[in-house]
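Notes for the structure review
One letter stands for each residue in the lines below.
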Amino acid sequence: KTSSSEKETYTRVLDTLLLIKNKDMKGLSSIVHPTKGLRFTPYDFIDLEKDKVFKPDEVAKLNENKEVYNWGIYDGKGDPIELNFNDYYKRFVYDYDFAKPHIIGINNIIGKGNTINNIKEAYPNGQFVEFHITGLEPKYEGIDWRSLKLVFEDVNGTLYLVGIIHSEWTI
């Protein structure tokens, strides 16, 4: 049997995923952590110094933001990920329909590549949900998997989004 708080949590998580799918940044901003903001991480390793973090009012305006940011480095190439938000979103947030995952993990890492996963160290007070796609093309035998992890922290009984982590096979 599911408790009412668990149902509220599941509803919050699924509502968040729907906002991301619909690229409703204004709606998403209402559930972003009020003081910590929202961190975007392109691969599993969370860089607390370099990952881009936006406050709720900035998240609300990301769709219109044309500024090019350095989001980290591309796996395998080492080139900087220099994109505006809309291009980053297409490549490192919603590059697959994560609303139709093959597997959902709750505080459990599913997709594993060669990148160090430090989610539990980076978000010691966080809870995360991983929406995992086991593979896109059968010919790649699963090495083209994708995951989207949403990280939440509880503030006085309300879950706030603090992190969006994109995961995929890395070299």
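Report follows, based on the coordinates.

Here is what the cut-offs are and how they apply
- Residues numbered from 1 in each chain as written.
- Predicted model: local features only at pLDDT ≥ 70, side-chain atom pairs only at ≥ 80, totals over all residues.
- Heavy atoms only, no water.
- Buried < 20%, exposed > 50% of the residue type's maximum accessible area, 1.4 Å probe, protein only.
- Helix = DSSP H or I, 4+ residues; strand = E, 2+ residues; numbered from the N terminus.
- Pairing = 2+ DSSP bridges.
- Core = buried A, V, L, I, M, F, W, Y, C linked by side-chain atoms within 4.5 Å.
- Contact = heavy atoms within 4.5 Å.

1. Let's talk about the pairing of strand 6 (residues 126–133)
By the criterion of burial, strand 6 is predominantly enclosed, with six of the eight residues buried. The sheet contact formed by strand 5 (residues 103–106) and strand 6 spans four bridges and is antiparallel. Paired with I104 across the strands is F131, a residue of strand 6. Inspection of the sheet shows strand 6 paired to strand 7 (residues 146–155) by eight bridges, in the antiparallel sense. Counted as the bridge partner of F128 is V151 from strand 7.

2. Observations regarding the nonpolar core
Ranked by internal contacts, the top residues of the largest apolar core, which has 35 residues, are I20, L28, F40, W71, L150 and I164. In this structure I164 touches I20, L28, L38, R39, F40, T41, V93, L148, K149 and L150, once residues within four positions along its chain are discounted. Y123, V151, V162 and I165 belong to the second largest nonpolar core, which has eight residues in total.

On their own, these measurements won't tell you what the molecule is for.
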